Every structure is written in structure tokens, then in C-alpha cells.
Amino acid sequence: MQGLGTDFFVFNSTGKLLSGDGQHYTNEYSSLAKQLDSKRNALYLNLDSEGNLVLGCSFLVKQVGGREERVVCISSCTRDRYDVKSSPINEFYQRAVTEIKKIDKYEYEIVGIWEEGDISRIEDLENIVVDPDLKRYIEGKIISDEKVSVISYDAVNPITVISSIYPLLEKFLGNDITINVSKYPYNIAISFSSMEPEPDLELMGRDIVTWKKAPPYSDYYIILSQTFEIEENYPLPHFAGKDREHIAREAKKNIFKKYTGQVLNIFNHPNSINKLFNLYKNDIEILSDIFKTKYQAINQMYIENDSLIAQIILEYEANRDQSLVGISGTNVPSILFSKLHDESIKKQLVSKLMKLNPYPSYALEYFVKKAIVYQDIDMLKELTYFSIPYDPRLSRDFENTVERHFQQISLSGYIDILKLLADNIRSKSGDGGKLLYKYIISSGKDFSKELSMDQAKRLDKCFNTKYTKKKKDEQNRKRIIILETIAVVSVLGIIILAIAGTWIYTSPNNVLFPYNESVMDETVLGDYLGPVLGLLEPLIDFNGNLTNISSVENETALNDTIINETIINETITNETINGNESSNITKLDANLSNNTTGNNNIS
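Worth saying up front: this structure is predicted, and the values here are computed from it rather than measured. (Residues numbered from 1 in each chain as written. Predicted model: local features only at pLDDT ≥ 70, side-chain atom pairs only at ≥ 80, totals over all residues. Heavy atoms only, no water.)

Visitor: Honestly, the overall build of the protein chain in this entry has me stumped. Any pointers?
Guide: Secondary structure assignment for the protein chain yields 24 helices and twelve strands. Considering the protein chain as a whole, with its 603 residues, one finds that 45% of them fall into the buried category. When contacts within the protein chain are restricted to residue pairs at least 6 apart in sequence, long-range pairs at least 24 apart make up 69% of them. (Helix = DSSP H or I, 4+ residues; strand = E, 2+ residues; numbered from the N terminus. Buried < 20%, exposed > 50% of the residue type's maximum accessible area, 1.4 Å probe, protein only. Contact = heavy atoms within 4.5 Å.)

Visitor: Got a minute to help me understand the nonpolar core in this structure?
Guide: Formed by 132 residues in total, the largest nonpolar core has its most connected members in Phe59 and Phe277. The residues contacting Phe277, other than those within four sequence positions of it, are Leu287, Ile290, Phe291, Ile298, Met301, Leu308, Ile309, Ile312 and Leu336. By size, the runner-up hydrophobic cluster in this structure holds eleven residues, among which are Phe9, Phe11, Leu36 and Ile74. (Core = buried A, V, L, I, M, F, W, Y, C linked by side-chain atoms within 4.5 Å.)

Visitor: Help me understand the environment of Thr293, please; the structure alone is not making it clear to me.
Guide: Looking at the secondary structure, you find Thr293 in helix H11 (residues 284–293). Residues Thr293 and Leu264 lie 29 residues apart in sequence; the distance between their C-alpha atoms is 8.6 Å. Reaching out from Thr293, the side chain makes a polar contact with the backbone oxygen of Asp289 at a distance of 2.8 Å. (Polar contact = N/O pair within 3.5 Å; in protein donor to acceptor, adjacent residues only side chain to side chain.)

Visitor: In this structure, what is going on with helix H16 (residues 361–372)? I would like to understand it.
Guide: Note: α-helices contain 3.6 residues per turn, so residues at a spacing of three or four share the same orientation. Under the 1.5 Å per step criterion, the end-to-end length of H16 is 17 Å for twelve residues, consistent within 8% with the ideal 16 Å. Among the twelve residues that make up H16, nine are buried, leaving the element largely enclosed by the rest of the structure. (Expected span 1.5 Å × (residues − 1).)

Visitor: Any chance you could explain the environment of Lys135 here in plain terms?
Guide: Counting through the fold element by element, Lys135 comes out in helix H4 (residues 132–143). Here the alpha-carbon distance between Lys135 and Ser225, two residues 90 residues apart in the chain, equals 9.0 Å. Residue contacts for Lys135: discarding those within four places in its chain leaves Val130, Ser164 and Ile165. Engagement of the side chain of Lys135 in a polar contact is seen with the side chain of Glu139, the distance being 2.8 Å.

Visitor: Got a minute to help me understand the pattern of salt bridges in this structure?
Guide: Close approach of charged atoms allows side chains with opposite charge to pair. Tallied over the entire structure, the rule returns 18 salt bridges. For Asp145, the salt bridge goes to Arg244, with nearest N and O atoms at 3.6 Å. Residue Asp145 is located in the loop between H4 and strand S8 (148–151), and its partner Arg244 is located in helix H8 (residues 244–258); the two are separated by 99 residues in the primary sequence. You can call Asp145 partly exposed: its relative accessible area is 36%. Assessed through its relative accessible area of 12%, Arg244 is described here as buried. (Salt bridge = Lys/Arg side-chain N within 4 Å of Asp/Glu carboxyl O.)

Visitor: I would appreciate a short explanation of the state of the cysteines in the present structure.
Guide: Cysteine pairs can be covalently joined through their sulfur atoms, and such a bond is termed a disulfide. Tallying each qualifying case throughout the model produces zero disulfides. Unpaired in terms of disulfides, Cys73 finds its nearest cysteine sulfur in Cys57, a separation of 7.1 Å. (Disulfide = S-S within 2.5 Å.)

Visitor: Sorry if this is basic, but what is going on with the side chain of Glu69 here?
Guide: In this structure, Glu69 sits in strand S5 (residues 68–77). Among buried Asp, Glu, Lys and Arg side chains, Glu69 stands out as unpaired, with Arg67 the closest opposite charge at 4.7 Å. Among the polar contacts made by the side chain of Glu69, one reaches the side chain of Gln63 at a distance of 3.1 Å. The contact partners of Glu69, leaving out residues within four places of it in the chain, are Phe59, Leu60, Val61, Gln63 and Tyr108. (Lys, Arg positive; Asp, Glu negative; His and termini not counted.)

Visitor: What is the right way to look at H8 in this model?
Guide: Taking 1.5 Å per residue as the helical rise, H8 with its 15 residues ought to reach 21 Å, and the 21 Å between its terminal C-alpha atoms agrees with that figure. Of the positions making up H8, those classed as buried are Arg244, Ile247, Ala248, Ala251, Lys252, Asn254, Ile255 and Phe256. N-capping of H8 is provided by Asp243, with a side-chain oxygen placed 3.1 Å from the backbone N of Glu245.

Visitor: What exactly am I supposed to notice about the packing of aromatic side chains here?
Guide: Any two aromatic rings considered together are summarised by their centre-to-centre distance and by the angle between their planes. Counting across every chain of the model gives 22 aromatic pairs. A ring pair is formed by Phe291 and Tyr316, whose centres lie 4.9 Å apart and whose planes are at 65°; its orientation type is edge-to-face. On the criterion of sequence distance, the pair formed by Phe291 in helix H11 and Tyr316 in helix H13 (residues 306–319) is long-range, its members being 25 residues apart. You'll find Phe291 and Tyr316 in the same group, each marked buried. (Phe/Tyr/Trp six-rings, centres within 6.5 Å; stacked < 30°, edge-to-face > 60°.)

Here is the structure:
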């Protein structure tokens, strides 16, 4: 790289430039240097979409007679300035050693990268061998556009591996690829670290770098790498400008077509189907083959990722050939749907499936049952606004499904659905809402009494119902009953006061009005109260309670009764004044006359 005029910079741990030349220096390199120092990068590699390469490393150094510190080396070169057929990594470390030692001001000695002395192995990098299966596996993971996570307690082993796979990276021209080897892990697609949280594998060895244990499904990635390398249809120009997702899809499809049996045998256990689905989640043609060939395993599998399976179901249903319905494997989406655990994911999936034409029957069943039987508000709202397809068969199936589930709920369930609709619907309903309302009113019950006025108004707005009018009529009836009750109580009060007045005048303790036993006779009481009780008979039951007047006839009778009672009241009042009071006044005059006479005699 030095001979090709690569730009090279050396920074201290704070990002201060210690030495460097070239025309491509920017402040971004200073920021990058501080990042590489904090993460203790043994290697930073970035190959951008135009083929420009940036390499970096944090070194442990020591001034002569001084303390240890760290410096960071960064190199940058454009594609036309290095050999694409060989790895530039070895040359980068060679130049780094030279550039650090050239800084006369500090007279640095290189101690190592992560540990003292490990730099000596870097100088012998070309003589370290990488296990072919390890190399193929990591290449396969990169080709399939999957995350690569490797743990290594040695800085040199991962550098050796990356150097060995560098020629593969050149085939991804047009993509931005970053690889880090660091003490502290990065959350990126390709990471080697001594503290990797969820590694695919662990590196080991010294002269021969290998893995401690082969990771799951390693055979698949090894085959993928081998096929990718030897396939004549995959030279560099074929992939130039293609994104990694496209490259991964084509490469994975290629090995499935060429080595179908071998690939399927790798995923022989029922739960391994989760991984197989993940590899081919966007390829409907291959998914169809998997559905047919792995039918029994799918029946037995346990779903590990609901979101992935929901994506596969939707992708398959949206693109399936309807002419193949009924053929082996085509009911697999229904089986997979029944195995989903997360209800929120199921609901989201059903919402999308019901927008398809035709929609799958298992989605319709879940949709309607969730809305009507379980009264799930999200599903109920969607059902209310749902537009039934014009297809006669689909329309018939939809109506039959709604009717069947309405038969499973009680009358209180009808009321609950109606209230839920009233509380949550704010605009005109669709076909589904009209169908819901059709089956609610088919019960023959008037549910207006169960609704508030606001609920009635919203239902009228959404379904063109007459609940508001019914509520107002009901309120008017109640108002009339209340007024009638007040009138009856008032009349009774007047009558009681009138009778009480009579008792006062006839009280045996009344000096002014001596007691007349005949007034309290039962016959006399009957004469007073009989007509009144007769008039109140339509309003009072045998237990003495006011009756509920609910018909027009009763209301008319009550009005007539009130008029009659008024007349009776006037009559009683007049009689009291003209009769009893007159008689009592006469008696009073006579008593006064006698008393006067008696007094005269005494005197």
C-alpha cells in the first residue's frame, strides 16, 4: 500500500494528529481514531460502495524510558491504488510499525495490540493457516447477508481470518461493508470481539486458526460459500452494483435448486424448520417446495419467532397461485397460523390477510370469532368497517360465519357488542357493521333502555338507527309518570288535610268543639273515604302502591280522576264550611249563651 501512495495517519488516544501525509485527511479520521482507541480495535475495516478502503488499528506503545500509552493508525486509499486480488491487511500492519517508529519526537517502541508481544505474530501473518471450514462458514454467513458474531481472546486470530476472506469482500462492490476486531464489541453486522455477547462461534489455535465447536447449520453455509466461489455464473461483474440482499437471495436460491436434498437433510429436525424458513422467507417458490417436502416436520415444529412466521404466511398468501389450492402443502399457512403464540401478532396478520382477495378462510374464522365471541375491540372495529367482497361465494361465507358466531353468544352478549360499538365507532359503518346490526335486531329485543343518550346518538349516526327517538319517548313517558305521581300525592295530601280538619273539629278534648261520637263512626268514615278510594282505585294496587301507568288509556283515566278529585275536593271544602262549621258555630253560640246566663245567675 505504501508503494501505491496510500494516505496514512497516526493519532494519539485523544485524536490529536501525530504524523501523516496525503490529501484526504479530514476531521472524521480524528473522531474515528478516538473511537478505535476506546474500543481497543485490533482492526477496523471499511470497504465503501465505491471500493474505497479505510483500515485502522490501536497499538500499545511505550516511549523509551517512559510509560505505556496508545496510538491509532489509520490508512485510506481509493480502489485504483491497491491490488484487488490480494489482501491489503498485511501491508497495513507492516506500514503501521514503520510509521510509528518514524515519529522522532516520541521515540515509540511498539509493545503490542491487545497484549504485550502479540505484534510479533502480526509480522508473520502470511504463515498462519485458517481452517477451510471456518473460512467457508464465515464467507457463507456474509454471502447470506446475516450477522457474523465471533468471540476471540486473541487479537491476531480474527485478523488472520479477515485477511483470508478479503477477496470475497471485493465481490460486493456497490455495498458498504464494515468489520471490527475489538476488545469491546460493536453492534454491527460483522464483529469479532473478546466480549461478544451472543457469538456464533469461538476462535482458537495459534499456527492453525479454527473454531472451538462447529456452530449449528454450519454445513449449509459451507456449501453456500463453495457454490458461490465455483459457480461460473457468478463472476464479479454479475454482482457489481447489486445490493447484498439481492446477492443473498440469488445465492441461496441457487444452492437450493442444485442441492435440494442435501440442503433439506441439514434441516431434518422439526425445530430446525424455523431456521430454514428464515433463510427462504422471501422466496415463495422455495417456500412452496418446503411446505410440500417438510409437511410432517412443520406439523411437529415449535415456532420460535412469531414475527417471522407471520411474515411468511402473509408473503405466501399474497402471492400464492389460487389454482394450486387443495394440493399438498397449500394448507400449511393455516397450520402455521394455529401455532402462533402472540395474539397481537395474530391480530396484525389477520388485519392484513383480510385485505387480500380472496382472503384465507382461517383468517375469516379468527377475525369474526375474535370480534363477536371474544368481543375484542380492535377486531370489532375492523369488522364494523369491513367491506365484503363482491364475490358471491366470499360474501356468503362471510355472512354464514357471522351468523354462526352470533348463535354462540347470549342476549347479554348482543348488548355488550352494541355498547362497544356505541363507545368506539365514530363514523358510518361498512358492510360488516350493517351485518352486525342485522343480527342484533334479529333478536327482536329493544335494547334502547340499555343505552345512554350519547350511545344512542352515535349508533344512530353510524347505523341509521332510531335509538335516540326511542330514548326520548322513554324519557317523556317517565316524565309523565313522575308528574302523575306528584299529582296523586298532592291530591292525597289535600284529602288527608281535609279529613284531619274534620277530626280536629270533632275531637273529644276540644273545649270549643265537644266530641261527637257519631262523627267517628265507621259509617261516617266510609262516607268520607269511600268516594276518594274509589277514585284512586286505578292508581293504587291492592298493596297500597301506586300502579305504573304505561298506556294512553290509563293516562286518560288518570287525567279524568285528577279532575274528579279536584271537584270532590271543592265539594268537601264547601261542605265543611257550610255544614260542619255552620253547625259548630251554632253550638258555640248556644254554649256562649248558656255560659252568659250562668254567670248572670252567680252574680
